[in-house]
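Listed below are the residues making up each chain.
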There are 2 protein chains.
Amino acid sequence: MKNKIIGYYNTKFGELWDKSLEDLIKESIFNIFKDTGIVQQEVDAVFFGNMLGGIVENRLLTSGMISEMLDMHIPIYRLEAACASGGMAFQMANEYLKQHPDSTILVIGAEKMSDVSTEDVTRGLSAASSAEEQTAGLTFPGLYGMMAQVYMNKYGYHEEHLAYISVKNHYHGSLNDKAHFRKVITVDTVLKSPYVAYPLKVLNSSAISDGAAAVLLTNKPAVIKKSKYAVDILSSNLASDTLSLKNRKQLDGLEATQIASKTAFQEAGLHPNDIHIAEVHDCFSIAEIMAMEDLGFWKKGEGGEKAKALATQLGSHEKLVVNTSGGLKAAGHPVGATGVKQIGEVFLQLTGQAEKRSVRNAKYGLAHNVGGSGAVAIVTILGV
Amino acid sequence: MKNKIIGYYNTKFGELWDKSLEDLIKESIFNIFKDTGIVQQEVDAVFFGNMLGGIVENRLLTSGMISEMLDMHIPIYRLEAACASGGMAFQMANEYLKQHPDSTILVIGAEKMSDVSTEDVTRGLSAASSAEEQTAGLTFPGLYGMMAQVYMNKYGYHEEHLAYISVKNHYHGSLNDKAHFRKVITVDTVLKSPYVAYPLKVLNSSAISDGAAAVLLTNKPAVIKKSKYAVDILSSNLASDTLSLKNRKQLDGLEATQIASKTAFQEAGLHPNDIHIAEVHDCFSIAEIMAMEDLGFWKKGEGGEKAKALATQLGSHEKLVVNTSGGLKAAGHPVGATGVKQIGEVFLQLTGQAEKRSVRNAKYGLAHNVGGSGAVAIVTILGV
């Protein structure tokens, strides 16, 4: 029996000052049970993705925290891959499930980033770059800023092209009541926002958010039969790359995405043209443009032009709609939760549950999650 | 083809002031390749266990660091489960390998704990207990001290009984040139050392160490054929429990160990009587006594007596020898490395490579790794 996703829940993303990491995990667990009708005793294992819990809230060995919530002794694993912690947890859960027939697995991603020490968060995020980059003071905006410069110089694009990515994603976020930012913005607003790291501005950057997301996976026929929704996991692949930008073969794209994507499409027996809906990793606007090219949706170098045409916005004449959740930019980026939320958004779209932001007749969807400046990428393809 | 271990390397454990986490990982990777003759291009995936890298050295997304060392894009995963990070990485690698025929996997555990901020290390270790325990100031010696009191009161034992565990493990450590502590100690020395948390003394407690350990797993016939050594992985099981001590059903044993052990013996088709050599998790002396009972080697309550008889010391008349590496007490406890080192020590014993501490004709061995105060336990059984 193929692995399937049968349920999804995410908390509101945003500055949730009244909620700890533990609260966020608990909310996502008990609501996904409530929504799906699955009871916890039906779960055979849990995979949890989180980046900063140890640094910002002194929470490690979170598998024990989850065991305590569930009052169960089942295997529970924590995976960490910076902003790809959620995607890695999902990808590993899918591999594990292939080896365990008749099983049901809970995947959770969560992150607490606001109302803790800003210094801890900034330092913690920078832990996902090389020792040399850290010493040089290169935080993520700086690393993506360098990639943006290479890309823009090579293909002749300007800050305006980047701005359209944020405009589109904020429009989508305005339709998602779980999103951190729900305000529609204009190109002008983006261009007038201050620089974070040239050429990237505040409104080209994802924000610091709190949130959790959970999906239920199963290959158990009886569970699938009683589930209201079921989406096939056609493939979920992971590729690695160097931590250091200076040791990469290219700076206008991420090789980890290219490799994971190629394998994922082969395994699914699909082509980028077959995809109707995608959630791609837009930690900065340039990241979405590079991702669209690396995933094979756009040709190398045409990303700026496509972005300006709002080619992947809801209602565009083109087939593929991208980041209907609002993406990392507008939905928010609680780092450990993001990879799971992306998969959850595709699940919602493929099962007709995406409400105002629904893409009609979507049959195939893709989720793309990146760790750090590209040291890891996970590409997951789902279908109904 | 059954999963097999074909190689093991560990760095010296100790206060390695001239080595970073990155140095330790690199040393273990390139030496295991040298020792086994396996070249890195033959490796299909890496599983890495580490607890404190984010907190003490600002190193997260370590999969990227390892990808950079290997110059490869293969899947690399980081798992964290406090002191069981290495055991969890191994257990997950073994599950993954079952699903991937003709594959070879590298498992690494590493931890850097000395020559960094002691405050960071103490705070980081405490992150593996519940929020309430942290607020109460209950660090690990305190939690294990409470368990020791319950155990000793219930079965009528004294500090002297605990001391023999350290005496035995230091004797074994004196025979292991990779061990942190190589000095033979007496019961008197242990009893005269100061209390850390009543009734546990300094010499009942594992120390802060640096170190890394790596094992190579394979199910590829061609690789097994050319390997000098090959040990069967008969089972590797993991069970969870509550983070909070107050929510446990028992305090004189760890339920996670009992469950993981029962399943591991069933899967291996063996009985505790069949085991010749075991590495068990002796973070504090009481932990080894409880582990021996939880694993089914000793009856509940006879642990103190058995400890005093040095029943599991090399040269004892009994069949089972325990913690020939020196255990966490004498070999050292670089937390992420420990679970891998335990499995590696069993591998060395089963392949006749344990030199001065060799157990003759050992056919079956067991490794037992615990996270925190017992929120997770992994039991692995190997055979030749």
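Structure: above.
Everything numeric here is computed off the predicted structure, so don't read it as measured data. Here, residues in each chain are numbered from 1, in the same order as that chain's written sequence. Each chain takes a letter, starting from A, and each ligand takes a number, starting from 1, following the order in which they are written. A pLDDT threshold of at least 70 governs which residues receive local features in this predicted model, and a stricter bar of 80 or more applies before side-chain atom pairs are shown or counted, although totals over entire chains, interfaces and linings include all residues. Hydrogens and water molecules were not included; the side-chain quantities draw on all heavy atoms of the structure.

Would you take a moment to explain the overall build of chain A for this structure?
Across its full length, chain A holds 15 helices and 12 strands. The C-alpha atoms of chain A give 19 Å as radius of gyration, which agrees with the globular expectation for 384 residues (21 Å, within 12%). Projected onto its principal axes, the C-alpha coordinates of chain A cover approximately 55 × 45 × 40 Å. Evaluated residue by residue, chain A yields a buried proportion of 69% over its 384 residues. It only takes one pair of heavy atoms within 4.5 Å for two residues to be counted as in contact. Sequence separation of at least 24 residues holds for 78% of the intrachain contacts in chain A that already meet a minimum separation of 6. The method behind every accessible area is Shrake-Rupley, applied with a 1.4 Å probe, and residues are considered shielded solely by the protein chains displayed. Within the structure as shown, chain A displays about 12,400 Å² of accessible surface, and the carbon and sulfur contribution to it stands at 51%. Measuring between centres, the 37 positive side-chain charges of chain A sit 5 Å from its 41 negative side-chain charges. Going along the chain from the N terminus, every DSSP run of H or I of four or more residues is numbered as a helix, and every run of E of two or more is numbered as a strand. What the globule rule says is 2.2 Å times the number of residues to the power 0.38, and the radius of gyration is computed from C-alpha atoms. Relative accessibility decides the category of a residue: with a 1.4 Å probe and only protein chains considered, values under 20% of the type maximum give buried, values over 50% give exposed, and everything between is partly exposed. The charged-residue count follows a simple rule in which Lys and Arg add positive charge and Asp and Glu add negative charge, with His and chain termini not counted at all. By convention, charge coordinates are those of NZ in Lys, CZ in Arg, CG in Asp, or CD in Glu.

Can you help me understand the pairing of strand 8 (residues 231-240) of chain A in this one?
Where a strand is regular, its side chains alternate between the two sheet faces. Residue and element names in this part refer to chain A. Burial analysis of strand 8 places 10 of its 10 residues in the buried class, which makes it a mostly covered element. Two strands are said to pair when DSSP picks up at least two bridges between them. Alignment of strand 1 (residues 4-10) against strand 8, held across two bridges, turns out to be antiparallel. Along strand 8, the bridge assignment pairs Lys-4 with Asp-232.

What's the story with the relation of the copies chain B and chain A in this structure? I'm lost.
Each copy of the chain is related to the other by a rotation around an axis and a translation along that axis. Each copy of the sequence occupies a distinct position, and chain B is placed on chain A by a rotation of 180° and an axial shift of 0.0 Å, giving an RMSD of 0.0 Å. Interpreted geometrically, this transformation is the action of a two-fold axis. Every residue of chain B has its C-alpha some distance from the rotation axis, and the shortest such distance is that of Leu-79 of chain B, at 2.4 Å. Taken as a fraction of all interface residues of chain B, those also at the interface in chain A reach 100%, which identifies the copy contact as same-surface. To line up the copies, we fit them by least squares on C-alpha atoms, keeping just the residues with pLDDT of at least 70 in both.

Mind showing me how you'd approach the pattern of salt bridges here?
When their charged atoms lie close together, side chains carrying opposite charge are able to pair. All names here are of chain A. Salt bridge, as applied in this entry: a Lys or Arg side-chain nitrogen positioned within 4 Å of an Asp or Glu carboxyl oxygen. All chains considered together, the criterion is met by 42 salt bridges over all chains. Note that Glu-22 is salt-bridged to Arg-59, the shortest N-O span being 3.0 Å. In this pair, Glu-22 is assigned in helix 1 (residues 21-36) and Arg-59 in the loop between helix 2 (53-56) and helix 3 (62-70), connecting sequence segments 37 residues apart. Salt-bridge contacts for Lys-112 lead to Asp-210; the nearest nitrogen and oxygen are separated by 3.1 Å. One end of the pair, Lys-112, is in the loop between strand 4 (104-111) and helix 5 (118-126); the other, Asp-210, is in the loop between strand 6 (200-201) and strand 7 (211-218), with 98 residues separating them in the sequence. Residue Lys-112 shares its accessibility class with Asp-210, and that shared class is buried. Salt bridges here are not isolated pairs; linked through shared partners, they connect Glu-95, Lys-98 and Glu-267.

When you look at the nonpolar core in this model, what are you seeing that I'm missing?
If you look at soluble globular proteins, the nonpolar side chains tend to sit buried side by side. Each nonpolar core is a collection of buried residues, namely Ala, Val, Leu, Ile, Met, Phe, Trp, Tyr and Cys, held together in the definition by side-chain atoms within 4.5 Å. One finds Phe-47 and Tyr-144 of chain A together with Phe-47 and Tyr-144 of chain B to be the most contacted residues of the largest nonpolar core, which totals 234 residues. Among residues more than four places away in sequence, those in contact with Tyr-144 of chain B are Leu-200, Leu-254, Cys-283, Phe-284, Ile-286, Ala-287, Met-290, Val-370, Gly-372, Ser-373 and Gly-374 of chain B. Among the nonpolar cores identified, the runner-up in size contains 20 residues, and Ala-260, Ile-275, Ala-291 and Leu-366 of chain B belong to it.

Can you walk me through the interface of chain B and chain A in this structure?
The interface of chain B with chain A comprises 57 residues on the first partner and 57 residues on the second. For the pairing of chain B and chain A, the buried interface totals around 4,500 Å² over both sides, and the portion due to carbon and sulfur atoms is 53%. Note on terms: buried area is the combined drop in 1.4 Å-probe accessible area of two parts once they are placed together, counting the loss on both. It is Asn-58, Leu-61 and His-73 of chain B in chain B that bury the most area against chain A; as a group they hold 17% of the surface buried on that side. Salt-bridge contacts for Glu-80 of chain A lead to Arg-78 of chain B; the nearest nitrogen and oxygen are separated by 2.8 Å. Definition of a polar contact: a pair of N or O atoms within 3.5 Å, with one able to donate and the other able to accept a hydrogen when the atoms are protein atoms, and with sequence-neighbouring residues admitted only if both atoms are side-chain atoms. Summed over the shared surface of chain B and chain A, the result is 32 residue pairs in polar contact (both at pLDDT 80 or more).

What is the right way to read the environment of Pro-101 of chain A from this model?
Within the secondary structure, Pro-101 of chain A sits in the loop between helix 4 (85-99) and strand 4. Separated by 99 residues in the primary sequence, Pro-101 of chain A and Lys-2 of chain A place their C-alpha atoms 9.5 Å from one another.

Looking at this structure, how should I read helix 3 (residues 62-70) of chain B?
Residues separated by three or four positions in an α-helix point in the same direction, a consequence of the helix having 3.6 residues per turn. Burial runs high along helix 3 of chain B: eight of the nine residues are buried. Within helix 3 of chain B, burial applies to Thr-62, Ser-63, Gly-64, Met-65, Ile-66, Ser-67, Met-69 and Leu-70 of chain B. On its buried face, helix 3 of chain B is in contact with helix 4 and strand 8 of chain A together with helix 1 (21-36), strand 2 (45-49), strand 3 (76-79) and strand 4 (104-111) of chain B. Just beyond helix 3 of chain B, the residue with positive phi is Asp-71 of chain B, at close to 55°.

I tried to follow the state of the cysteines on my own but got confused; where do I start?
Defined simply, a disulfide is a covalent bond joining two cysteines at their sulfur atoms. Residue and element names in this part refer to chain A. For the purposes of this analysis, a disulfide is any pair of cysteine sulfur atoms at a distance within 2.5 Å. Counted by the stated rule, this structure contains zero disulfides over all chains. Free cysteine: Cys-83, not disulfide-bonded; nearest cysteine sulfur from Cys-283 at 6.6 Å. Owing to a relative accessible area of 5%, Cys-283 belongs among the buried residues under this scheme.

Quick question: what am I supposed to make of the packing of aromatic side chains here?
Each pair of aromatic rings is reported with the distance of its centres and the angle of its planes. Residues and elements named next belong to chain A. Pairing of aromatic side chains requires ring centres within 6.5 Å, counting the rings of Phe and Tyr and the six-membered ring of Trp. Pairs whose planes differ by under 30 degrees are stacked, by over 60 edge-to-face, and all others tilted. Applying the stated rule across the entire model yields 20 aromatic pairs over all chains. Grouping aromatic residues by their ring pairs yields a cluster made of Phe-47, Tyr-77 and Tyr-96. Ring-over charges, as used throughout, are those where CZ of Arg or NZ of Lys falls within 6 Å of the ring centre and within 35 degrees of the ring normal. Sitting over the face of the ring of Tyr-195, Lys-201 holds its NZ or CZ atom 4.6 Å from the ring centroid. Sitting over the ring of Phe-181, Lys-329 keeps its end group 5.0 Å from the ring centre.

Please clarify how the packing of helix 1 of chain A against helix 3 of chain A should be interpreted in this entry.
For any two helices packed against each other, the geometry is given by the interaxial angle and the distance between the axes. Residues and elements named next belong to chain A. Interaxial angle, 0 to 180 degrees, is taken between N-to-C directions of lines fitted to C-alpha atoms, where a helix line uses only the stretch in contact. Orientation of helix 1 relative to helix 3, taken along the N-to-C sense of each, is 45°, at an axis distance of 11 Å. Relative to helix 3, the element helix 1 lies oblique. The handedness of the crossing between helix 1 and helix 3 is right-handed. Across the interface between the two elements, Leu-21, Glu-22, Ile-25, Lys-26, Ile-29, Phe-30 and Phe-33 of helix 1 pack against Thr-62, Met-65, Ile-66, Met-69 and Leu-70 of helix 3. Under the convention adopted here, Pro, Cys and the residues Ala, Val, Leu, Ile, Met, Phe, Trp and Tyr are nonpolar, Asp, Glu, Lys and Arg are charged, and Gly plus all remaining residues are polar. Within the contact of helix 1 with helix 3, the residues separate by chemical class into nine nonpolar, one polar and two charged. Orientation is classified from the angle alone, with under 35 degrees giving roughly parallel, over 145 giving roughly antiparallel, 65 to 115 giving roughly perpendicular, and any other angle giving oblique. Take the far helix as your reference; a near helix turned counterclockwise from it by less than a right angle gives a left-handed crossing, and one turned clockwise gives a right-handed crossing.

How do you make sense of the side chain of Arg-59 of chain B when you look at a structure like this?
Judged by its relative accessible area of 8%, Arg-59 of chain B falls in the buried class. Only 3.0 Å separates the side chain of Arg-59 of chain B from the side chain of Glu-22 of chain B, close enough to count as a polar contact. Apart from residues lying up to four places away in sequence, Arg-59 of chain B is in contact with Ala-127, Ser-129, Ser-130, Ala-131, Gln-134 and Leu-243 of chain A together with Leu-21, Glu-22, Gly-53, Gly-54 and Met-65 of chain B.

Looking at this structure, I do not really get the side chain of Asn-58 of chain A. What am I missing?
By the secondary structure assignment, Asn-58 of chain A is in the loop between helix 2 and helix 3. Discounting residues that sit within four places of it in the chain, Asn-58 of chain A has contacts with Gly-53 of chain A together with Arg-123, Gly-124, Ser-126, Ala-127 and Gln-134 of chain B.

Explain the pairing of strand 3 (residues 76-79) of chain A to me, please; I cannot follow it from the model alone.
Residue and element names in this part refer to chain A. Of the two faces of strand 3, both are covered, the one formed by Ile-76 and Arg-78 as well as the one formed by Tyr-77 and Leu-79. Examined bridge by bridge, strand 2 (residues 45-49) and strand 3 share four bridges and lie parallel to one another. Bridge pairing in strand 3 places Phe-48 opposite Arg-78.

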